[in-house]
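# Descriptive structure summary
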Amino acid sequence: MGNHFKIYLKHLEKNKIYTFITLFGFAVSLMFVLLLWVYIRQELSVDQFHVNKDRIYRMNRESGATFGPAIADELKNKYPEIESFARIYENEGNARFRGNELTRYRYLLADSSFFSMFSFPLKAGEVSQVLAAKNSVVLSESFARKIYGGENPVGKSFTQDNLNFLVTGIFKDFPENTHFKRYDAIVNFRAMADIWGWKELLTTNNNSSFGLYLLTRPGTNFPAKIPQVFDQFKKDYWLYANNFAKTLKLDPLTEVYFSNESSPAIRQNSRTTLFVFGGIALLILIVAIINYINLTIAQSGFRSKEIAIKKLLGGSRKRLIRQHITESVAITLFSTLLAAGMAFLAEPFFNEQMSCELNLKSQMSLLLLAQLLIAVVAIGVISGIIPAIVANHLNPVEVVKGNVMRTSRKGYTKSLISFQYVVAIVLLICTWTIARQSSFLQQYDMGYNKENLFWMEITVGNGQRSAFRDVLKAIPGVVDVSFCRGTPTDGGNNQSFEYKGKPHSFQEFTVDSVFFKLFGMNVESTSTAYNKDGVWINRAAIQEMELGERPVTLPFYKENIPVLGIVKDFNFRSLRTKIGPLVVRQLHPNDACWKIVVKLSGTNIMGTTEAIRKAQSTFTGGVPMDSGFIDEEVNQWYLREVKQSKLIGAFTLLSIIISSMGIFAMSLYYIQQKVKEIGVRKVNGAKISEILTLLNKDFVRWVLVAYAISVPLAYYLMEKWLEDFAYRTALSPWTFVLAGLLALAIALITVSWQSWRAATRNPVEALRYE
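Starting from 1, residues in each chain are numbered consecutively following that chain's sequence as written. Since the coordinates come from a predicted model, pLDDT governs what is reported: local features require at least 70, and pairs of side-chain atoms require 80 or more to be given and counted, while whole-chain, interface and lining totals use all residues. Heavy atoms from the whole structure form the basis of all side-chain values; hydrogens and water molecules are not counted.

On to the overall build of the protein. We count a stretch as a helix when DSSP gives it H or I for four or more residues in a row; a strand needs E for two or more, and each element gets its number in order from the N terminus. A tally of regular secondary structure across the protein gives 25 helices and 21 strands. With respect to the three principal axes, the spread of C-alpha positions in the protein is 100 × 60 × 55 Å. With a 1.4 Å probe rolled over the protein chains alone, any residue whose accessible area is under 20% of its type maximum counts as buried; one over 50% counts as exposed, and the rest are partly exposed. Burial status across the protein gives 53% buried among its 770 residues. Contacts were defined at the residue level, with two residues in contact if any of their heavy atoms lie within 4.5 Å. Considering only residue pairs separated by 6 or more positions, the protein has 79% of its internal contacts joining residues 24 or more positions apart. Method for areas: the Shrake-Rupley scheme with a 1.4 Å probe, in which residue coverage is limited to the protein chains shown. When the accessible surface of the protein is summed, it comes to about 35300 Å², and 56% of that surface belongs to carbon and sulfur atoms. Taking the 85 positively charged and 64 negatively charged side chains of the protein as two groups, their mean positions are separated by 12 Å. Neither His nor the chain termini are counted; the positive set is Lys and Arg, and the negative set is Asp and Glu. We put the charge of a Lys on NZ, of an Arg on CZ, of an Asp on CG and of a Glu on CD.

Turning to the confidence of the model for the protein, a few remarks are in order. The quantity called pLDDT is the predictor's confidence in a given residue, expressed from 0 to 100. In the predicted model, the protein carries a mean pLDDT of 86, and the fraction of residues at 70 or more is 91%. Residue range residues 405–409 is modelled with pLDDT below 50. Its contacts to residues more than four positions away, or to other chains, number 15 contacts.

We define a salt bridge as a side-chain nitrogen of Lys or Arg found within 4 Å of a carboxyl oxygen belonging to Asp or Glu. All told, the structure shown has 29 salt bridges when counted by the stated rule. Between Glu141 and Lys123 there is a salt bridge, with the nearest N and O atoms lying 3.8 Å from each other. Taken together, the residues Glu141 in helix 5 (residues 141–148) and Lys123 in strand 4 (residues 122–124) connect sequence positions 18 residues apart. Classification of Glu141 by relative accessible area gives partly exposed; the value is 22%. One salt-bridge network, held together by shared partners, links Glu92, Arg104, Arg106, Glu457 and Asp626.

This paragraph deals with unusual backbone geometry. Notably, Asp47 is not glycine yet its phi reads approximately 65°, a positive angle. With respect to the helices, strands and loops of the structure, Asp47 is situated in the loop between helix 2 (16–44) and strand 1 (56–60). Even without being a glycine, Ser355 presents a positive backbone phi close to 50°. Take Ser355: it is sitting in the loop between helix 11 (317–354) and helix 12 (360–363). A residue is classified by how much of its surface remains accessible, and Ser355, at 51% relative accessible area, is exposed.

A few words now on the nonpolar core. Grouped burial of nonpolar side chains is what soluble globular proteins tend to show. The criterion is simple. A nonpolar core is a set of buried Ala, Val, Leu, Ile, Met, Phe, Trp, Tyr and Cys residues joined through side-chain atoms within 4.5 Å. If you look at the biggest cluster of nonpolar residues, it comprises 112 residues, and the most contacted ones within it are Phe350, Tyr421 and Phe519. When residues no more than four places from it in sequence are discounted, the contact partners of Phe350 are Leu35, Leu36, Tyr39, Cys356, Leu358 and Leu647. Core analysis: the second largest hydrophobic core is formed by 27 residues, Ala95, Tyr107, Ile147 and Ile195 among them.

Below, the discussion takes up the packing of aromatic side chains. Each aromatic pair joins two rings of Phe, Tyr and Trp (for Trp, the six-membered one) with centres within 6.5 Å, and gets the label stacked for planes under 30 degrees apart, edge-to-face for over 60, and tilted for any other angle. For the structure shown, the criterion picks out 58 aromatic pairs. Note on Phe189 and Phe210: the rings are 5.6 Å apart at their centroids and 85° apart in plane angle, and the pair reads as edge-to-face. Pair noted here: Phe189 is in the loop between strand 8 (185–188) and helix 6 (192–196) and Phe210 is in the loop between helix 6 and strand 9 (211–216), with a separation of 21 residues, a long-range link. The buried category is assigned to Phe189, whose relative accessible area is 0%. What makes Phe210 buried here is its relative accessible area of 2%.

Our focus in this paragraph is helix 7 (residues 226–236). Along helix 7, the positions that sit buried rather than exposed are Ile226, Val229 and Phe233. On an axial view of helix 7, the arc spanned by its buried residues comes to 55°, and they lie on one face. Considering only its buried residues, helix 7 is in contact with strand 1, helix 3 (70–78), helix 8 (238–241) and strand 10 (249–252). Regarding the arc, it is the one traced by the directions from the helix axis to the C-beta atoms.

It is worth spelling out a nonpolar patch on the surface at this point. Patch construction takes residues with relative accessible area above 30% that form no salt bridge. Like charges are linked within 9 Å, and nonpolar side chains (Val, Leu, Ile, Met, Phe, Trp, Tyr) are linked within 5 Å. Residues Leu333, Phe334, Leu337, Leu338, Leu373, Val377 and Val381 make up a contiguous nonpolar surface patch of about 600 Å² in total accessible area. For the nonpolar patch, the elements supplying multiple residues, two or more each, are helix 11 and helix 13 (366–392). Element by element, the count of residues in the nonpolar patch is highest for helix 11, at 4 residues. Following the sequence through the fold, Leu333 ends up in helix 11.

Mapped onto the elements, Ala281 comes out in helix 9 (residues 271–300). Apart from the residues within four sequence positions on either side, Ala281 is in contact with Val33 and Leu36.

Looking now at the environment of Ile82. Of note, Ile82 is situated in strand 2 (residues 82–96). On the basis of relative accessible area, Ile82 is assigned to the buried category, the value being 2%. Spatially, the C-alpha atoms of Ile82 and Leu285 are 47 Å apart, while their sequence positions differ by 203 residues.

So, on to helix 19 (residues 605–620). For a helix, the expected span equals 1.5 Å multiplied by the number of residues minus one. With 16 residues, helix 19 should cover 22 Å at 1.5 Å per step; its first-to-last C-alpha distance of 22 Å lies within 8% of that length. Here helix 19 has its buried residues at Thr608, Thr609, Ile612, Ala615, Gln616 and Thr620. Mapping the buried residues of helix 19 onto a view down its axis gives an arc of 120°, with all of them on the same face. For helix 19, the exposed residues lying more than 90 degrees away from the buried face are Met606, Lys614 and Thr618. Those residues of helix 19 hidden inside the fold are in contact with strand 11 (453–457), helix 16 (465–473), strand 12 (478–485), strand 20 (595–600) and strand 21 (627–629). Two residues or fewer after helix 19 comes Gly621, characterised by a positive phi angle close to 80°.

The subject of this paragraph is the side chain of Gln42. With respect to the helices and strands, the residue Gln42 is situated in helix 2. Using a relative accessible area of 6% as the deciding quantity, one classes Gln42 as buried. Sequence-distant contacts of Gln42, that is, excluding residues within four places in its chain, are made with Glu176, Asn177, Glu357, Leu358 and Gln363.

Counting through the fold element by element, Ser335 comes out in helix 11. Setting aside residues no more than four positions away along its own chain, Ser335 makes contact with Leu23, Phe26, Ala27 and Leu30.

It is worth spelling out the packing of helix 22 (residues 675–683) against helix 23 (residues 688–722) at this point. As a packed pair, helix 22 and helix 23 sit with axes 10 Å apart at the nearest point and diverge in direction by 155°. Our classification of the angle between helix 22 and helix 23 gives roughly antiparallel. Here the hand of the crossing between helix 22 and helix 23 comes out right-handed. Residues Glu677, Ile678, Arg681 and Lys682 of helix 22 form the contact with helix 23, whose own contacting residues are Ile691, Leu694 and Leu695. Any residue outside Ala, Val, Leu, Ile, Met, Phe, Trp, Tyr, Cys, Pro, Asp, Glu, Lys and Arg is labelled polar, Gly included; the first ten of those are nonpolar and the last four are charged. For the contact of helix 22 with helix 23, a count of residues per class yields 4 nonpolar, no polar and 3 charged. Geometry is summarised by axes, namely lines fitted to C-alpha atoms with helices restricted to the contacting stretch, and by angles between N-to-C directions that run from 0 to 180 degrees. Small angles under 35 degrees read as roughly parallel and large ones over 145 as roughly antiparallel, with 65 to 115 read as roughly perpendicular and the rest as oblique. Two helices cross in a left-handed way if the nearer one is turned anticlockwise from the farther one by less than a right angle. They cross in a right-handed way if the turn is clockwise.

Viewed as axis vectors pointing N to C, helix 16 and helix 19 meet at an angle of 145°, and their least axial separation amounts to 10 Å. Relative to helix 19, the crossing made by helix 16 is right-handed. For the pair formed by helix 16 and helix 19, the contact residues are Ala467, Phe468, Val471 and Leu472 on the first element and Ile612, Ala615, Gln616 and Phe619 on the second. Looking at side-chain class alone, the contact of helix 16 with helix 19 contains 7 nonpolar, 1 polar and no charged residues.

The rule for pairing is simple: two strands pair if DSSP sees at least two bridges between them. Relative to strand 14 (residues 502–511), strand 13 (residues 493–499) runs antiparallel, the two sharing 7 bridges. Residue Gln495 lies in a different strand from strand 14, and its bridge partner there is Phe506. The turn linking strand 13 back onto strand 14 is made up of 2 residues, and Lys500 within it adopts a positive phi angle of 55°.

With respect to the helices and strands, Glu347 occurs in helix 11. Sequence-wise, Glu347 and Leu35 are 312 residues apart; in three dimensions their C-alpha atoms are separated by 7.7 Å. Nitrogen and oxygen atoms within 3.5 Å of one another constitute a polar contact, given that in protein one can donate a hydrogen and the other can accept it, and given that sequence-neighbouring residues count only through two side-chain atoms. Here Asn359 takes part through its backbone nitrogen, which lies 2.8 Å from a polar atom of the side chain of Glu347. There is a polar contact of 3.2 Å between the side chain of Glu347 and the backbone nitrogen of Leu360.

Dropping the structure here:
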């Protein structure tokens, strides 16, 4: 075995190009496979660490997993199967933790049972006590360190919105493998009534915006009671009694992350996305294995005498096959070590594109290393078996005579090359289509102006709005200022009511007189006399409620509200959903608002926004605020598509490179078999162009076969993917044509260099030993 490895290492050293291509192709491919494998493994492990994972359910309905706060107590009192519950909501606030300085923080509102239901470890405090009091707050480890340094914050108080809170514990920052977002603190859910200034909040179901998790008792089957709960909801819960919700189900905790319905405070992913990336990883692995097989077969001619001598000296078939497999496993192992090092270097890029935190170092474990070792051996065996069979089919006597595999052109070589190009062409079409759709989404006319619009959270009182508007308009570069409750990027409020026996769900904006002009919205007057309670509605509302061409009133709940104008439809959600009905109310001096939108001139935007922030800080005495740009918020809706197109683009480039390596190797192998034929043709007067045509036509045929398979497959995949969008780009025929031409061009460029060398070679060299 030792002598065999010495011979093999000499072969690798002698054939440096082959060695580099083999190791580089395998290592880069395995790097991507390793990253995707760890990512999929991590995603599938979400919420698996909770001790009570098999007993926790999230209540769900078809239009969102949110319910009224009083539902939780009603269910627990009626059904003994429920041990406890946790209502969930998320919020942001400005608090004074130390001294008078205001600090903005994000917090989760949860019931006192939160830490006993879920297995999030505490660094300080008792599980049963940390959220027992109404004003209790548990800080995250990182936020506690940020605010208090090395000081123990437990027992310290702080204020927010003139309310006093007490730090009762510290929790370890939420890990990556949970469906909950990360927060600076967890606040007792009962405090929400005080924070919102709504005493009846917890005792009614008028606001159904809260997540609800149930912990069932061991040995019980509460999911079987859901039909009974549904029947009860139909009687006494307005959301179901008025047909705004029509389904009720329980999501097991481990399925919440992959659910289609959202609820407050959670992150989500799609199993389909995981399957897609799992499929890509498998395809890359298959392409890498095929590439290794092609390269090894291409080199078999150079090692044929070594193999033939071993067979003539009595080497058994099994021993020679074992030799090839051992070589393959060794190459795979070395490539995997390179891949692991490259994976650590590529980890930041991967995390950025996938919006995740792999943290490969922390993922390392004996189990992972054992799985990796098994995978290495399996890949090595699969990669080595076909070259071993090919080598063992050699006739040792013919090899020694110099007749090296002249008749060994097998159909599988064509199949392997074609398969590689199927993968490359499909990925190429997918990459271009996803990139086209991403560009379409970002450039689509949403029905309003989104450029040069800076929004800021409202931090001034109702009586200060006029004065603050004057302060902002005095800043150079500020064109106008609008106060509003609801913008095209946040969707405003929701109002649900019944009309003519049918349920209707409207989005609701409340805006000042500047809003429509600021956003460049087209408003058609109805000539209705001005009324302080008058509203504007969009065309989608008119069509849904069948109000006629120019309605003058809107039946809203039990009122008929004057319609002042009709707003041309504009998108107030992402382009995955169609435009829905909208009502726009007037913002009166005593009405609360959420945001201030500032129209900028477009010159020196950074300087203008900095001046706005300084003016806000001076005016409010340093109250922290959220701010941003409308166009950036719109682009955030489609960030996933942009990132996915970049990542799949990287996979496509890798696939093309590997396929080119494979076809380069097979061209060597193929032309080696044609050496005598080329010599004879040249002696008989064949032109170089004829020789090139002879050598290239088979490779062109392979790519054309791959193209014929790729087009319908890519078309089907992209049609299915585009179904998720209400507004979508068309599948351009040019995308398919250009993908085929590019694949063909790459194949011809890769092969033609070898073909040219063979075609211009002196025929005497080819026929010298014949």
